[in-house]
Amino acid sequence: MTTITTERATIGRWDDVQHSLSGGGDGRSCQCIWPVVSNKDWQATTFEQRREMLHDEIEAGPPPGLVAYIDGEAAGWIRVGPRTVQTRILRTRAIAAATAEALDDDSVWAVTCFVVRREYRGRGLTAQLLRAGIDHARDSGARLIEAYPVDTSEGEHHSNDLFHGTLSVFLDQGFQQTATLTGGRVLVVRELHDDAAIA
């Protein structure tokens, strides 16, 4: 029987973070730095610089994400943390116009990235990561989680565009769609106060 677990991305798990970000897609080259820098800064950085930035972020704490393990092997990643830290969100006009939450509210968290290694896809790992991300946010004092997934029910979408997650996965975990963004993406939210942990 397959065992799936999740752990916070601490510096002691650095090798596992790197393993989870590789194995297909843009995770390795991006290093999940895209959500925390401006487009100008993103264009100016190399892979090595992004890797160092993620290392420094994890080393400084708190953990900016979680690592999923299948039978003890790092298999996937989710970035989940305060929206104020993920500064690209605050600079994205469509999101800033659509959200009902103050942009400087530290109690609002955001899910901005999923990576699943190719050999582990199709096993529900994204949903598992999201459930763990919800619990992590709640345990860390978050009041609400926003996310900006892709609505795959219409149009065609390349697999590399799905790092935001898909709408159906978020709806299955109790998120509510509140607005349509651009590029086939939507804004979803989930309140966490008085919220029981997902089984």
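Described below are features of the structure shown in this document.

Basis of the calculations
- One numbering rule holds for all chains: residues counted from 1, following each sequence as written.
- In view of the model being predicted, local features appear only for residues whose pLDDT reaches at least 70, and side-chain atom pairs are presented and counted only at 80 or more, with totals across whole chains, interfaces and linings using the full set of residues.
- Hydrogens are left out, water is left out, and the side-chain values use all remaining heavy atoms of the structure.
- Strands here are runs of E lasting at least two residues and helices are runs of H or I lasting at least four, both read from the DSSP assignment and numbered beginning at the N terminus.
- The span one expects for a helix is its residue count, reduced by one, times 1.5 Å.
- Here's how the labels work: a residue is buried when its accessible area is under 20% of the maximum for its type, exposed when over 50%, partly exposed in between, all with a 1.4 Å probe on protein chains only.
- It is the directions from the helix axis to the C-beta atoms whose arc is reported.
- Buried Ala, Val, Leu, Ile, Met, Phe, Trp, Tyr and Cys residues form a nonpolar core when they are joined through side-chain atoms within 4.5 Å.
- Contacts are residue-level and defined by heavy atoms, with any inter-residue pair within 4.5 Å sufficient.

## What to know about helix α4 (residues 47-60)
Reasoning step 1: If you check α4, its first and last C-alpha atoms are 20 Å apart, about what 14 residues at 1.5 Å a residue would give, namely 20 Å.
Reasoning step 2: Arg-50, Leu-54, Glu-57 and Ile-58 are the residues of α4 that are buried. Buried residues of α4, viewed axially, fall in a sector of 95°; they line one side. Opposite the buried face of α4, at more than 90 degrees from it, the exposed residues are Glu-48, Glu-59 and Ala-60.

## Side note on the nonpolar core
Reasoning step 1: Among the nonpolar cores identified, the biggest contains 28 residues, and Val-111, Leu-130, Ile-145 and Phe-170 are the most heavily contacted of them.
Reasoning step 2: Going through the elements one at a time, β2 (65-70), β3 (73-82), β4 (108-116), α7 (125-139), β5 (144-147), α8 (167-172) and β7 (186-191) are the ones with two or more residues in this core.
Reasoning step 3: Top contributing element to this core by residue count: α7, with seven residues.
Reasoning step 4: In this structure Val-111 touches Ile-78, Arg-79, Val-80, Leu-130, Ile-145, Glu-146, Ala-147, Tyr-148 and Phe-170, once residues within four positions along its chain are discounted.
Reasoning step 5: Counting residues in each nonpolar core, the second largest holds 18 residues, with Trp-14, Val-37, Leu-54 and Ile-58 among its members.

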